[in-house]
Amino acid sequence: AAGVIQSPRHLIKEKRETATLKCYPIPRHDTVYWYQQGPGQDPQFLISFYEKMQSDKGSIPDRFSAQQFSDYHSELNMSSLELGDSALYFCASSSSPSGGASGELFFGEGSRLTVL
Amino acid sequence: AQSVTQLGSHVSVSEGALVLLRCNYSSSVPPYLFWYVQYPNQGLQLLLKYTSAATLVKGINGFEAEFKKSETSFHLTKPSAHMSDAAEYFCAVSDPGGYSTLTFGKGTMLLVSP
């Protein structure tokens, strides 16, 4: 079965550079979520989109922005990168904003960003 | 607002021993509850979920959890630990309905010794 696809899997950037992460949800899933997991930390919710509109917002820095496109894939743009942005970034998808009847989010393998 | 508290950042058991990972939740409405497992340098894999059906939920790899409303708990158990169970386990809660997001606990690292 198709899963959530994230790219790139690994990314190394310098401070003050810009990075873009991509997420391709499971087919027919219309809701995408972004989470950030720092070293030894629990995943923190950043932002979510439903039908290409922002549906919820968490602890996303102002330097970050995201959008969902007409094919439901999503991109997380991070500018003026800081050392503290080094983390594993997860994308998840679901069949509705509340996770569908099962309430379940399906997670990708994550994109590991390292800022030097 | 909803939240989960996982008691113990690390739990150590011997192979073959009972595994018990504790999770207590706080929610203003009957929640959905989840346990996820994360192996080193990997993504989050769903172990099991409670979505207001049976209070005893069975998941993959022999894990199960029981929803106890009176105790606001959703502890994860496995009768006999295996070396391959060593991983980090996250309890998570969501509000069924609306634009709810999944909120994770701090995680519990399960260590299994021979």
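Residues numbered from 1 in each chain as written. Chains lettered and ligands numbered in written order. Predicted model: local features only at pLDDT ≥ 70, side-chain atom pairs only at ≥ 80, totals over all residues. Heavy atoms only, no water.

S.K.: Looking at this structure, I do not really get the packing of aromatic side chains. What am I missing?
M.R.: A ring pair, where both rings are aromatic, is described by two values, the distance of the centres and the angle of the planes. On inspection of all chains with the given rule, the structure shows 14 aromatic pairs over all chains. Here the aromatic rings of F90 of chain B and F104 of chain B are separated by 6.1 Å at their centres, their planes lie at 85°, and the arrangement is edge-to-face. Taken together, the residues span a long stretch of sequence, with F90 of chain B in strand β9 (residues 87-94) and F104 of chain B in strand β10 (residues 103-104) at a distance of 14 residues. The buried category is assigned to F90 of chain B, whose relative accessible area is 0%. Taking the relative accessible area as the measure of exposure, F104 of chain B reaches 6% and is therefore buried. Here the aromatic cluster, defined as three or more aromatic residues joined through ring pairs, consists of Y35, F45, F90 and F107 of chain A together with F34, Y36, F90 and F104 of chain B. (Phe/Tyr/Trp six-rings, centres within 6.5 Å; stacked < 30°, edge-to-face > 60°. Helix = DSSP H or I, 4+ residues; strand = E, 2+ residues; numbered from the N terminus. Buried < 20%, exposed > 50% of the residue type's maximum accessible area, 1.4 Å probe, protein only.)

S.K.: So what exactly am I meant to see when it comes to the environment of Y33 of chain A here?
M.R.: Position of Y33 of chain A relative to the elements: it lies in strand β4 (residues 31-37). One polar contact links Y33 of chain A to S94 of chain A, side chain to side chain, over a distance of 2.9 Å. (Polar contact = N/O pair within 3.5 Å; in protein donor to acceptor, adjacent residues only side chain to side chain.)

S.K.: Got a minute to help me understand the sheet that holds strand β8 (residues 74-78) of chain A in this structure?
M.R.: Two orientations exist for strands paired in a sheet by backbone hydrogen bonds: parallel and antiparallel. All names here are of chain A. Read from one edge of the open sheet, four strands run β1-β3-β8-β7, paired in antiparallel fashion. In the strand order of this sheet, the two ends are held by β1 (5-7) and β7 (64-68), each with one partner. Taking the axes of each pair of neighbouring strands and ignoring which way they run, one obtains an average angle of 15° across the sheet. Sheet topology note: the β1/strand β3 (residues 19-24) ladder contains three bridges and is antiparallel. Among the inter-strand pairings, Q6 is bridged to a residue of β3, identified as C23. (Pairing = 2+ DSSP bridges. Axes fitted to C-alpha atoms, helices over the stretch in contact; angles between N-to-C directions.)

S.K.: Would you mind showing me how to read the nonpolar core here?
M.R.: Soluble globular proteins: nonpolar side chains tend toward being buried together. By size, the foremost hydrophobic cluster in this structure holds 26 residues, and its most contacted members are W35, L48, L76 and Y89 of chain B. Going through the elements one at a time, β2 (10-14), β3 (19-26), β4 (32-38), β5 (44-50), β7 (64-68), β8 (73-78), β9 and β11 (108-113) of chain B are the ones with two or more residues in this core. Ignoring sequence-local partners within four residues, the contact set of L76 of chain B consists of V19, L20, L21, W35, L47, L48, F63, E64, A65 and Y89 of chain B. If you look at the next biggest cluster of nonpolar residues, it comprises 22 residues, including I26, F64, A87 and V115 of chain A. (Core = buried A, V, L, I, M, F, W, Y, C linked by side-chain atoms within 4.5 Å. Contact = heavy atoms within 4.5 Å.)

S.K.: Hey, could you run me through the state of the cysteines in this one?
M.R.: Cysteine pairs can be covalently joined through their sulfur atoms, and such a bond is termed a disulfide. Counted under the stated rule, the structure contains two disulfides over all chains. Two residues, C23 of chain A and C91 of chain A, share a disulfide whose sulfurs are 1.7 Å apart. Residues C23 of chain A and C91 of chain A are joined through a disulfide that is left-handed, its torsion about the S-S bond being -60°. Residue C23 of chain A is located in strand β3, and its partner C91 of chain A is located in strand β9 (residues 87-94); the two are separated by 68 residues in the primary sequence. At a sulfur-sulfur separation of 2.0 Å, the disulfide partner of C23 of chain B is C91 of chain B. On the S-S bond that ties C23 of chain B to C91 of chain B, the torsion sits near -65°, and the link is left-handed. In this pair, C23 of chain B is assigned in strand β3 and C91 of chain B in strand β9, connecting sequence segments 68 residues apart. Take C23 of chain B: its relative accessible area is 0%, and that puts it in the buried class. (Disulfide = S-S within 2.5 Å.)

S.K.: So what exactly am I meant to see when it comes to the side chain of S73 of chain B here?
M.R.: Take S73 of chain B: it is sitting in strand β8. Classification of S73 of chain B by relative accessible area gives buried; the value is 1%.

S.K.: Explain the pattern of salt bridges to me, please; I cannot follow it from the model alone.
M.R.: Here the idea is simple: oppositely charged side chains can pair when their charged atoms come close. Scanning all chains against the criterion turns up six salt bridges over all chains. D85 of chain A is paired through a salt bridge with R63 of chain A; the nearest N and O atoms lie 2.8 Å apart. Linking D85 of chain A in the loop between β8 and β9 with R63 of chain A in the loop between β6 (53-57) and β7, this pair joins segments that are 22 residues apart in sequence. According to the relative accessible area criterion, D85 of chain A is buried, its value standing at 4%. In this structure, E64 of chain B and K58 of chain B form a salt bridge, with 2.7 Å as the shortest nitrogen-oxygen distance. A relative accessible area of 23% places E64 of chain B in the partly exposed class. (Salt bridge = Lys/Arg side-chain N within 4 Å of Asp/Glu carboxyl O.)

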